[in-house]
Amino acid sequence: RSAVREGVRCVSVRGEALGLVSPTVCAVRVCHKVVRQRESKQRSFFVAHNTEQSKMEELRAVDVGHQDLIHDAVYNFYGNRMATCSSDHVVKVWNRTDAGAWVLSGEIKEAHHGSIWRVSWAHPEFGQVLATCSFDHTAAIWEEMEEGNWQRRAEIVDSRSSVTCVQFAPRHAGLKLAACTDDGTVRVYEAIDVMNLSSWPPTTGGEFKTRGKGKCTCLSWNPSRMLSGMMLAVGCANADSATNNIQVWEYEESKRWSLAIDSIASVEGRVRDVAFAPNMGRSFHLLAAACGDKTLRIWKLSPTNASKEAASPKYRCEEILKSDPFNDQVARVSWNVTGTMLACSSDDGTVRLWKATYMDSWQCVATINGQ
């Protein structure tokens, strides 16, 4: 990146849970903005808080103290803890105080021997558990034994290339972890004993190669248990051309992963992030993607109820949003808890919030400038 350009790499949304949390809880986080100061070279991210009137009240900078580029920052289930990872091989965990400040709770030094691309929280039902993945070809499972004391419980070394993304499965699927790699392989692991996280074997039929010649750049679990079983969306890069695609895979009753949608769309440039929306009673799925052609896209995936023997596709895909090109690439997408609002971050230093109108047309309703 140019020393004068500051981009927002990732964004996360965590809304209020049925009024059980304070109305001042973080609702939108602009979680990575590299601030290149000539003297201190500090790295920081920004946090946006909302008020009861749903207006952005403040944009607070948090100096995280990482010594290199921050690649990911993720909320826990309740939105009161945050984990960050960086190319400095360090993972940091932050707690939100009642006053809204973020304080360092724990630090994992030399978590990996290479840049750490992603970090993911498990559901709190399984304890305080994190997963990380790295350029060093490994993924790791971390558990907080006591406040601020994180211990490595397992190291997954199946990959022969960089592990580009990890994500825990939704709670109803159990303690499972999906990981994708640069060689185009997706693997799904499961803890044998949730009380002892030292063993993570692959699930039955839990390894598959994506279609085509290329690598996997990102993945997303479908958080809904309605309409289908376990489902994964995978962003794929085609090594033979500049056109990439998104594939959707589904876990069948035969205990193997099958390709439900071969290619949702062809995308010029890298698919940098994908995210399924939570399904609150819809008869269809929503899938958002941050595309390398500087656009944000949303697709509607509707089941066709076709029989297994039929040759017709299982899902009908409809593109319901293709935004105008941003000033720079879209980096990350994140849905709120009800799947009614989408946040996307861009390398142009902004975060945009999108919401559907009563005519089901998605429009940008707010822009947050990280600068």
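Scroll up to find the structure.
Below: a short report on this structure. (Residues numbered from 1 in each chain as written. Predicted model: local features only at pLDDT ≥ 70, side-chain atom pairs only at ≥ 80, totals over all residues. Heavy atoms only, no water.)

Once that is clear, we can look at the packing of aromatic side chains. For the structure on display, the rule yields 10 aromatic pairs. Considering the side-chain rings of F77 and Y78, the 5.1 Å spacing of their centres and the 85° angle between planes classify their relative orientation as edge-to-face. For Y78, a relative accessible area of 47% gives the class partly exposed. With centroids separated by 5.8 Å and ring planes inclined at 35°, the aromatic side chains of F208 and W257 adopt a geometry described as tilted. (Phe/Tyr/Trp six-rings, centres within 6.5 Å; stacked < 30°, edge-to-face > 60°. Buried < 20%, exposed > 50% of the residue type's maximum accessible area, 1.4 Å probe, protein only.)

We now examine the sheet that holds strand 9 (residues 116-121). Strand order in this open sheet of 4 strands is 9-10-11-12, and the pairing throughout is antiparallel. What marks the edges here is a single partner per strand, and that holds for strand 9 and strand 12 (149-156). The average undirected angle you get between the axes of adjacent strands in this sheet is 25°. With 5 bridges connecting them, strand 9 and strand 10 (residues 129-134) associate as antiparallel partners. (Pairing = 2+ DSSP bridges. Helix = DSSP H or I, 4+ residues; strand = E, 2+ residues; numbered from the N terminus. Axes fitted to C-alpha atoms, helices over the stretch in contact; angles between N-to-C directions.)

This part takes up the pairing of strand 6 (residues 81-86). With 6 of 6 residues buried, strand 6 lies mostly within the body of the structure. Side-chain alternation along strand 6 places R81, A83 and C85 on one buried face and M82, T84 and S86 on a second face that is also buried. Sheet topology places strand 5 (residues 70-75) next to strand 6; 5 bridges connect them, and they run antiparallel. If you follow V74 over to strand 6, its bridge partner there is A83. Linking strand 5 back to strand 6 in an antiparallel pair, the connection comprises 5 residues, with G79 at a positive phi of about 80°. Bridge count between strand 6 and strand 7 (residues 91-96): 5 bridges; the pairing is antiparallel. By the bridge assignment, T84 is partnered in strand 7 with K92. Between strand 6 and strand 7, which follow one another and run antiparallel, lie 4 residues, and H89 among them has a positive phi close to 70°.

The subject of this paragraph is the pattern of salt bridges. According to the stated counting rule, one finds 18 salt bridges in the structure shown. The partner of E207 in a salt bridge is R187, with the nearest N and O atoms 3.6 Å apart. Of the two residues, E207 is situated in strand 16 (residues 202-209) and R187 in strand 15 (residues 185-190); the sequence distance between them amounts to 20 residues. R187 gets classed as buried once you look at its relative accessible area, which sits at 10%. Between R272 and D347 there is a salt bridge, with its nearest N and O atoms 2.9 Å apart. Of this pair, R272 sits in strand 22 (residues 271-276) while D347 sits in the loop between strand 27 (341-346) and strand 28 (350-356), and the two are 75 residues apart along the sequence. The burial state of R272 is the same as that of D347; both residues are buried. (Salt bridge = Lys/Arg side-chain N within 4 Å of Asp/Glu carboxyl O.)

Here we take up the state of the cysteines. Cysteine pairs can be covalently joined through their sulfur atoms, and such a bond is termed a disulfide. This structure, assessed with the given rule, holds 0 disulfides. Free of any disulfide, C216 has its nearest cysteine sulfur in C236, 4.9 Å distant. The exposure class assigned to C216 is buried, which follows from its relative accessible area of 0%. Lacking any disulfide linkage, C364 is separated from the closest cysteine sulfur, that of C344, by 7.2 Å. (Disulfide = S-S within 2.5 Å.)

One open sheet accounts for 4 strands, arranged 22-23-24-25; its pairing is antiparallel. A single partner strand is all that each edge strand has here, and the edge strands are strand 22 and strand 25 (315-322). With direction set aside, neighbouring strand axes in the sheet form an average angle of 25°. Note: strand 24 (residues 296-303) against strand 25, 7 bridges, orientation antiparallel.

Along the polypeptide, S283 turns up in the loop between strand 22 and strand 23 (285-291). Taking C-alpha positions, S283 is 8.0 Å from P303, a pair spaced 20 residues apart along the chain. In this view, S283 contacts L227 and P303; residues no more than four positions away in its chain are not counted. (Contact = heavy atoms within 4.5 Å.)

Even without being a glycine, H89 presents a positive backbone phi close to 70°. Residue position: H89 is located in the loop between strand 6 and strand 7. In this structure, E110 takes a positive phi of about 50° despite not being glycine. Relative to the helices and strands, E110 resides in the loop between strand 8 (102-108) and strand 9.

This next bit is on the pairing of strand 11 (residues 139-146). Summarising burial for strand 11: 6 of the 8 residues are buried, a large majority. Note: strand 10 against strand 11, 5 bridges, orientation antiparallel. Residue pairing in the sheet places V129 in a bridge with E143 of strand 11. Between the end of strand 10 and the start of strand 11, which pair antiparallel, lie 4 residues, with H137 showing a positive phi angle near 75°. By the bridge criterion, 7 bridges tie strand 11 to strand 12 in an arrangement that is antiparallel. Residue pairing in the sheet places A140 in a bridge with E155 of strand 12. The antiparallel hairpin formed by strand 11 and strand 12 contains 2 residues in its connecting segment, where G148 sits at a positive phi of about 85°.

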